Each structure stands twice: as C-alpha cells, then as structure tokens.
Amino acid sequence: MEMKKPNLHNAEFLRSAVKESDFPHDPLPQIVFAGKSNVGKSSVINKLLNRKNFARVSAQPGKTIHINYFTIDKAMYLVDLPGYGYARVSKAEQQRWGALMETYFAMDLLTLGIQIVDIRHKPTRDDMTMAEWFRASGRPWVIIANKLDKIKKSQLEGNIAEIRQTLLLPEEVPVIPFSAEKGFGRDEVLDLIFEHVCGKGEA
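About the criteria used
- Residues numbered from 1 in each chain as written.
- Predicted model: local features only at pLDDT ≥ 70, side-chain atom pairs only at ≥ 80, totals over all residues.
- Heavy atoms only, no water.
- Patch = residues over 30% accessible without salt bridge, like charges linked within 9 Å, V, L, I, M, F, W, Y side chains within 5 Å.
- Areas by Shrake-Rupley, 256 points an atom, 1.4 Å probe, with all protein chains shown as cover.
- Salt bridge = Lys/Arg side-chain N within 4 Å of Asp/Glu carboxyl O.
- Lys, Arg positive; Asp, Glu negative; His and termini not counted.
- Charge placed at Lys NZ, Arg CZ, Asp CG, Glu CD.
- Helix = DSSP H or I, 4+ residues; strand = E, 2+ residues; numbered from the N terminus.
- 1 Å grid on protein atoms, 1.4 Å probe; cavity = no way out; pocket = protein on both sides within 12 Å on 5 of 7 lines; lining within 4 Å.
- Points joined across faces, edges and corners; volume = space filled by probe spheres on them.
- Nonpolar A, V, L, I, M, F, W, Y, C, P; charged D, E, K, R; others polar.
- Axes fitted to C-alpha atoms, helices over the stretch in contact; angles between N-to-C directions.
- Parallel < 35°, antiparallel > 145°, perpendicular 65-115°, else oblique.
- Left-handed = near helix turned anticlockwise from the far one by under 90°.
- Contact = heavy atoms within 4.5 Å.

**Topic: a negative patch on the surface**
Phase 1: On the surface, Asp187, Glu188, Asp191 and Glu195 cluster together into a patch of negative charge.
Phase 2: Residue placement: Asp187 occurs in helix H5 (residues 186-198).

Shown next, in the form of structure tokens:
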C-alpha cells in the first residue's frame, strides 16, 4: 500500500546536529542534501519546498560545521549537510567537517542522497570526494545539476556528460538539470523523493 505524499508546506526546522547523539535515530526516511558552499544548496531546498527563506542562505559560506535537520509533515527528515569546498576554511574546520561526515555516514541513516553540483563547471575534487561518500554508502543517490538557467541549451548535453564522467557515476544515478531560480527540474526531484519516502515500509 502506498503512503500519501507528505505535505511540503508543513515543514519545520528541528535542530542543528554537531555530534552523533544529535542525529534522530527513528525510522523516518532521511533525505540528505550535500553541495559546495556556493552551489545554491539553500536555494534548491527553498525551491523544492516553495518557501522563500526556509533554508537560510548563509552570508558566510563554510563557517558552520553542523548538520541541519528539518521535519516535513512529520513524515520525513530533510537533512542539510554543511557546505564543503570553501577556500578560506582552516585545516581544523576541514577536519571537523570530515569527522562529522564520517560519523553521519557510518550510522547508515541515509534514505536518499541528493548531491548538488554547478551545471556550468566541471565538478571539483571536493565534489568527487562527496560523490565517493554517497557511492560508498550503498544507498540510492541523485545529482542535481543546478544553475541550468545560466547555460545555453546547446551546452546541456556536454555538461551533463562531463558531470557523469568526472564523478564516475553509476548508470542508475540520475543527473537532473535544475534551476533554483526558475523551478525547472523541481517536479522530477520531488517525484524521486516521494518515491523513496512513500515506498518505504511497503512489503
């Protein structure tokens, strides 16, 4: 039997997690968002929820090393991992980020991973590292190629191919062209999320 789709308007901030005991360990699905500090992760989350300033767009990228949890209709968690790859972050901060990621991924809490990259550029080494975390988790994941409105239609195919190749994506990992500004790709991403949330627990 299929569960009904969660109501996206019923979204609340739950907590910021900095250590293992802060992570919720109940059976609710966890939809995990990851991306570079300047890739528009908050804007993507805001667009998916159709809320203006729900996931705060930080004026100081890379300054916060914690995992933000939001509950959606008390039916699932939206998990916002700290942005990575910010050049001016100290070694110690990078290590804290790595340790927090290691802890989170070791807990096997992930239902669906969503990695956001910039469709205009070849993925960075940090993007490749993040892709490796998702790949190693063995859980389903998807790539959102954001900033679609910033490229020409003729660039789309080649840029998607470069993302797939650079991140060594398995065939089953979709790359979804997305525009947080215009909303392009929103329905496709939501369909994927609901598929994993509503399908959970089915026999």
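**A look at empty space enclosed by the protein**
Phase 1: A complete count under the given rule lists one cavity of 30 Å³ or more for this structure.
Phase 2: Size it by volume and the largest cavity reaches roughly 40 Å³.
Phase 3: Taken together, Leu8, Leu48, Leu49, Met76, Leu78, Leu190 and Ile193 make up the lining of the largest cavity.
Phase 4: When contributions to the lining of the largest cavity are tallied by element, the ones reaching two or more residues are helix H1 (41-49), strand S4 (76-80) and H5.
Phase 5: Residue composition of the lining of the largest cavity, by class: seven nonpolar, no polar and no charged.

**A few points about the packing of helix H2 (residues 91-106) against helix H3 (residues 125-137)**
Phase 1: One way to put it is that H2 packs onto H3 with a least axis distance of 11 Å and a crossing angle of 15°. For the element pair H2 / H3, the angle class is roughly parallel. Between H2 and H3 lies a crossing whose hand is right-handed. The residues of H3 that touch H2, namely those facing Trp97, Gly98, Met101, Glu102 and Phe105, are Met130, Trp133, Phe134 and Ser137.
Phase 2: Its residues assigned to classes, the contact of H2 with H3 shows six nonpolar, two polar and one charged.

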